[in-house]
Amino acid sequence: MKLNQAQLEAVQYVDGPCFVLAGAGSGKTRVITIKIEYLIKNIGLLPKQILAVTFTNKAAKEMQERIETNIGKERAEQLTICTFHSLGLEILKKEYIRADLKASFTLFDTHDQLKLIDEIASQYFPRDYSENRKELLENCCEYISNIKSSLITLEEVQAQNTNLAKVFIEYQAYLKACNAVDMDDLIYKSTLLLKNNEDLRQKWSLRFAYILVDEYQDTNVSQYQLLKMLSSYYKKFTVVGDDDQAIYSWRGADSKNIENLSNDFKDLKVIKLEQNYRSSQNILELANLLIENNDHIYEKAIYSELEQGEDILLVECMDSEDEARYIAYKIIERRMLEHCKWSSFAILFRSNSQASIFEKILHGSNIPNIVYGGESFFDRAEVKDIIAYLKLIANTHDEMSLMRIINIPRRGIGKETLTKLTDFSKRYAKGSFECAMHTKFLSMLGPNEQKAIQEFCALIIKYQQAIAKGHKDIITNLITDINYSQYLQSSKLSDKAIKFKLNNIQTVIKWMFELMQGQNGQKALSFKDAVNKICMRQMLSKIDGEEEVNAVQLMTLHSSKGLEFPYVFLVGLEEGSLPHKKSLSTDAQIQEERRLAYVGITRAQKSLVISYRLNNKTVNPILTAFDKGVKLKKSRFLDEISYYKAVKKLKSQYKNANLSTEHKQKLASSALDELLKSVGSAAFEGR
DNA sequence: GTGCCCTTCGTTTTT
DNA sequence: CGAAGGGCAC
């Protein structure tokens, strides 16, 4: 496929800063990949001089693969294609001394972070803490994250002299004591580092002769500053973005960065990509109608030369279960009409919690499905445990991990001993692990506790030494070494649950192994780097070994960004759900919710089904009492797209009232199951 | 120090 | 209802 005029211009403009305003489905990823190829083949840049920043790991991986097919694996591997966060990690890894870290620094994940903030907040806000802890915690987290994403310095925070500021200062101090950084620090610290040190700025900006940034509308102040500093020598970059798809303002992203760009770079070249190659006319028409209700920085008009396409369906459902059944039915219907992969279907929702009902009904209907994202895997106790072990081995200063696992499995180290340890560590201002090995500390304990502590420390050190000697495979011994399965067995769980948990642990171990071996053309990582990658949720293979499976894709609107699917179901279009009830108060919030809906609609290539529920009845009748507003109201976004005009057909066949018992039965999971069997599901596999 | 029972809560998005 | 975490009793 050839490039159109605008795309070609975007690829060939290499003389200075360039902003590509790329509407949904306008081939922006293609422009980036082809531009990289162009920079190497026509401009003569070396692959290692090029940096491409994406927003998610998934996008980075995809881009890497695409480029590989264009310029060959060997050259593609020398490119730097990563997220802002991994770039930050890279910088901190190289400049750890200047960043006031030890080489073995590790990452605090969201759990560690929350626990720590909880602890600190309880000291500074004792009253609020007992009254509305959750809200307080949320505020503190938000505050800390805001400071970092807005690039506010520690000195500036200190000057605020508020309790929140004190929480921030103590939080940072604790992280430092743990020789750890949090997610936001990866960008915050590396940006400050380059900002305050001319030599480092020089060094890093010399390294990248050309920088490309995808999803630019979702960058925050710190990320933008980082881009500015990294490009300060050559001043050549291309950022690609679409203000209509800005959906991360809650994370500090600010599409004002788009405006700043033209202020900061007077010679900025702006190129608009307005032709959509993804969606049918009907889908695009609907998307445009919706997004017209938002404010825009640059006007743009997306158009498509594709066919009119199928009618968009708007489906009214009784409740979630009906909605899920209807979708299951539609999927099977489609598969009977034409050959298509399960993975051609996507179900998109506002929040992760909406996934489970679809998962359940699809599963009951023998429809393979995969739920993307959702932190559930990393929320499991056994996964947190094993990761804590890995983190502690990588970095013995990590107090959070130490405290988590010092008595898991049970070693007879209880509250008493831990209080002693904490006190000792405070008194001598040393890390707990160091103190735990101190004879003076050990002498304070009874013989059993002494032995337990010593054995624990010896275990950690044993692994550290083995890893230092390069025995990568030793981590596979860790689980047996600590007797984790025995620990699980003593917890009177079912055999099935134990097996499941052990399997989860094996998954983590497998990731570690893969990362350290360097599979899929990735370079082999050190133990410590592998641990950090896992903390960043950057593993090579999927959870449960589910590679690119042929299954219906279930995901949030946020994680659907950048993807496309032939058949899309956009579900739960009700007030409170989309727009979300927590985002109703300001117009800016509503606009962001509207963009979310826009992102959802524009994922669809051929067919789009939008559904909403009439009732909030959950699977659980008792919960209905809890949700006393049983009736749901149609989303305002549905009014805005005035479906009598844009949506060609209003399908209300699924209203409960109109549905005969027989019909309903047919739609029930068991019937779907039979329907599928009677046709022979094997006939529909593949293509 | 461990284990069990009780309360609480279900209200968003992710590197 | 069901998970998860805190508190309390052995």
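Since this is a predicted model, take the numbers as computed values, not measurements.

1. Some words on the overall build of chain A
Phase 1: Looking only at helices and strands, one finds 34 helices and 17 strands in chain A.
Phase 2: Counting every position in chain A, which comprises 687 residues, the buried fraction comes to 53%.
Phase 3: When contacts within chain A are restricted to residue pairs at least 6 apart in sequence, those whose partners lie at least 24 apart make up 78%.
Phase 4: A total accessible area of about 31000 Å² is found for chain A, and carbon and sulfur atoms account for 50% of it.

2. Describing the packing of helix H5 (residues 84-94) against helix H13 (residues 221-230)
The description of two packed helices rests on the angle between their axes and on the distance between the axes.
Phase 1: Running from N to C, H5 and H13 cross one another at 55°; their axes reach a closest spacing of 12 Å. What the angle tells us is that H5 and H13 run oblique. For the element pair H5 and H13, the recorded crossing hand is left-handed. The segment H5 lies against H13, with Phe84, His85, Leu87 and Ile91 engaging Gln223, Leu226 and Leu230.
Phase 2: Broken down by class, the residue content of the contact of H5 with H13 amounts to five nonpolar, two polar and no charged.

3. Examining the pattern of salt bridges
Phase 1: Across all of its chains, the model carries 35 salt bridges by this definition.
Phase 2: Between Lys94 and Glu90 there is a salt bridge, and its shortest N-O distance comes to 3.8 Å. Placement of both Lys94 and Glu90 in helix H5 is noted, with a separation of four residues, approximately one turn of the helix.
Phase 3: What makes Lys94 partly exposed here is its relative accessible area of 49%.

4. Here we look at the packing of helix H8 (residues 133-149) against helix H10 (residues 163-177)
Phase 1: Interhelical geometry of H8 versus H10 gives an angle of 75° and a closest axis separation of 10 Å. The pairing of H8 with H10 is recorded here as roughly perpendicular in orientation. Only Leu164, Ala165, Val167, Phe168, Tyr171, Gln172 and Leu175 of H10 make contact with H8, whose side of the interface consists of Cys140, Tyr143, Ile144, Ile147 and Lys148.
Phase 2: Of the residues in the contact of H8 with H10, the class split is 10 nonpolar, one polar and one charged.

5. A word on the protein's contact with DNA strand B
Phase 1: Surveying the vicinity of DNA strand B reveals 28 residues, the closest of which are Arg350, Asn352, Asn407, Gly414 and Lys415.
Phase 2: Among atoms of DNA strand B positioned within 4 Å of the protein, sugar and phosphate together represent 62%.
Phase 3: Between DNA strand B and His580 there is a distance of 3.2 Å, counted from a sugar or linking oxygen to a side-chain nitrogen or oxygen.
Phase 4: Counting only elements with at least two residues in the surface near DNA strand B, the list comes to helix H21 (415-427) and helix H29 (557-560).

6. Some points on the pairing of strand E14 (residues 552-556)
Looking down a regular strand, the side chains alternate between one sheet face and the other.
Phase 1: Extensive coverage of E14 is indicated by the burial of five of its five residues.
Phase 2: Of the two faces of E14, the one holding Val552, Leu554 and Thr556 and the one holding Gln553 and Met555 are both buried throughout.
Phase 3: Bridge count for strand E12 (residues 345-349) against E14 is four bridges, and the pairing is parallel. In the sheet register, Phe349 faces E14, and the bridge partner there is Thr556.
Phase 4: With three bridges joining them, strand E13 (residues 369-371) and E14 adopt parallel strand pairing. Pairing of Asn369 across the sheet is with Val552, part of E14.

7. Some words on the sheet that holds strand E7 (residues 237-241)
Phase 1: Taken in spatial order, the six strands line up as E3-E2-E6-E7-E1-E8 in an open sheet, and their pairing is parallel. This sheet does not close on itself; its edge strands, each paired only once, are strand E3 (80-83) and strand E8 (269-273). Going from strand to strand, the sheet's axes swing by 15° on average, the running direction of each strand aside.
Phase 2: Pairing geometry for strand E2 (residues 50-54) and strand E6 (residues 210-213), over four bridges, is parallel. Of the residues in E6, the one forming a bridge with Ala52 is Leu212.
Phase 3: Relative to E3, H5 is tilted by about 110°, and along the sheet it contacts E2, E3 and E6.

8. A short note on the environment of Ile32
Phase 1: Mapped onto the secondary structure, Ile32 falls in helix H2 (residues 28-41).
Phase 2: On a C-alpha basis, the gap between Ile32 and Asp214 in space is 7.9 Å, while along the polypeptide they are 182 residues apart.
Phase 3: Apart from residues no more than four positions distant in its own chain, Ile32 is found in contact with Met63, Leu212, Asp214 and Val240.

9. Things to note about the state of the cysteines
Phase 1: Within this structure, the stated rule accounts for zero disulfides.
Phase 2: Note on Cys82: no disulfide assigned, nearest cysteine sulfur contributed by Cys535 at a separation of 18 Å.

10. Some remarks on the confidence of the model for chain A
Phase 1: Mean pLDDT for chain A: 83, with 87% of residues reaching 70 or above.
Phase 2: Below a pLDDT of 50 lies the segment residues 619-629, which in the model reaches nine contacts outside its immediate sequence neighbourhood of four places, other chains included.

11. Quick look at the packing of aromatic side chains
Phase 1: For the structure on display, the rule yields 12 aromatic pairs.
Phase 2: Aromatic ring contacts, followed pair by pair, group Phe19, Tyr216, Tyr224 and Tyr298 into a single cluster.
Phase 3: Above the ring of Phe55, the side-chain terminus of Lys561 is found at 5.2 Å from the ring centroid.

12. Re the side chain of Gln591
Phase 1: Mapped onto the fold, Gln591 is located in helix H30 (residues 587-601).
Phase 2: For Gln591, a relative accessible area of 8% puts it in the buried group.
Phase 3: Beyond its immediate sequence surroundings of up to four residues, Gln591 is in contact with Asn294 and Asp295.

13. Some points on helix H27 (residues 495-517)
Phase 1: If you check H27, its first and last C-alpha atoms are 32 Å apart, about what 23 residues at 1.5 Å a residue would give, namely 33 Å.
Phase 2: Restricting attention to buried positions, one finds in H27 the residues Ile498, Lys501, Asn504, Ile505, Thr507, Val508, Ile509, Trp511, Met512, Glu514, Leu515 and Met516.

14. What to know about the pairing of strand E11 (residues 313-317)
Phase 1: Where burial is concerned, most of E11 is hidden: five out of the five residues are buried.
Phase 2: On E11, burial covers both faces: Leu313, Val315 and Cys317 on one face and Leu314 and Glu316 on the other are all buried.

15. A short note on unusual backbone geometry
Phase 1: Cis geometry is adopted by the peptide bond preceding Pro579, which originates at Leu578 and carries an omega value of 5°.
Phase 2: Relative to the assigned elements, Pro579 resides in the loop between strand E15 (565-570) and H30.
Phase 3: One non-glycine residue, Asp100, adopts positive backbone phi at about 65°.
Phase 4: You can see Asp100 is positioned in the loop between H5 and strand E4 (106-108).

16. Points about H10
Phase 1: Given a rise of 1.5 Å per residue, 15 residues ought to cover 21 Å, and the 21 Å separating the end C-alpha atoms of H10 matches this to within 8%.
Phase 2: Three or more residues of H10 are buried, namely Ala165, Val167, Phe168, Tyr171, Gln172 and Leu175. Mapping the buried residues of H10 onto a view down its axis gives an arc of 155°, with all of them on the same face.
Phase 3: Where H10 is buried, its residues contact E4, helix H6 (110-124), H8, helix H9 (154-160), strand E5 (180-182) and helix H11 (183-196).
Phase 4: Following H10 by one or two positions, Asn179 adopts a phi angle in the positive range, close to 55°.

Conventions and cut-offs
Residues numbered from 1 in each chain as written. Chains lettered and ligands numbered in written order. Predicted model: local features only at pLDDT ≥ 70, side-chain atom pairs only at ≥ 80, totals over all residues. Heavy atoms only, no water. Helix = DSSP H or I, 4+ residues; strand = E, 2+ residues; numbered from the N terminus. Buried < 20%, exposed > 50% of the residue type's maximum accessible area, 1.4 Å probe, protein only. Contact = heavy atoms within 4.5 Å. Areas by Shrake-Rupley, 256 points an atom, 1.4 Å probe, with all protein chains shown as cover. Axes fitted to C-alpha atoms, helices over the stretch in contact; angles between N-to-C directions. Parallel < 35°, antiparallel > 145°, perpendicular 65-115°, else oblique. Left-handed = near helix turned anticlockwise from the far one by under 90°. Nonpolar A, V, L, I, M, F, W, Y, C, P; charged D, E, K, R; others polar. Salt bridge = Lys/Arg side-chain N within 4 Å of Asp/Glu carboxyl O. Near = heavy atom within 4 Å. Polar contact = N/O pair within 3.5 Å; in protein donor to acceptor, adjacent residues only side chain to side chain. Pairing = 2+ DSSP bridges. Disulfide = S-S within 2.5 Å. pLDDT = per-residue confidence, 0-100. Phe/Tyr/Trp six-rings, centres within 6.5 Å; stacked < 30°, edge-to-face > 60°. Lys NZ or Arg CZ within 6 Å of the ring centre and 35° of its normal. Expected span 1.5 Å × (residues − 1). Arc of directions from axis to C-beta.

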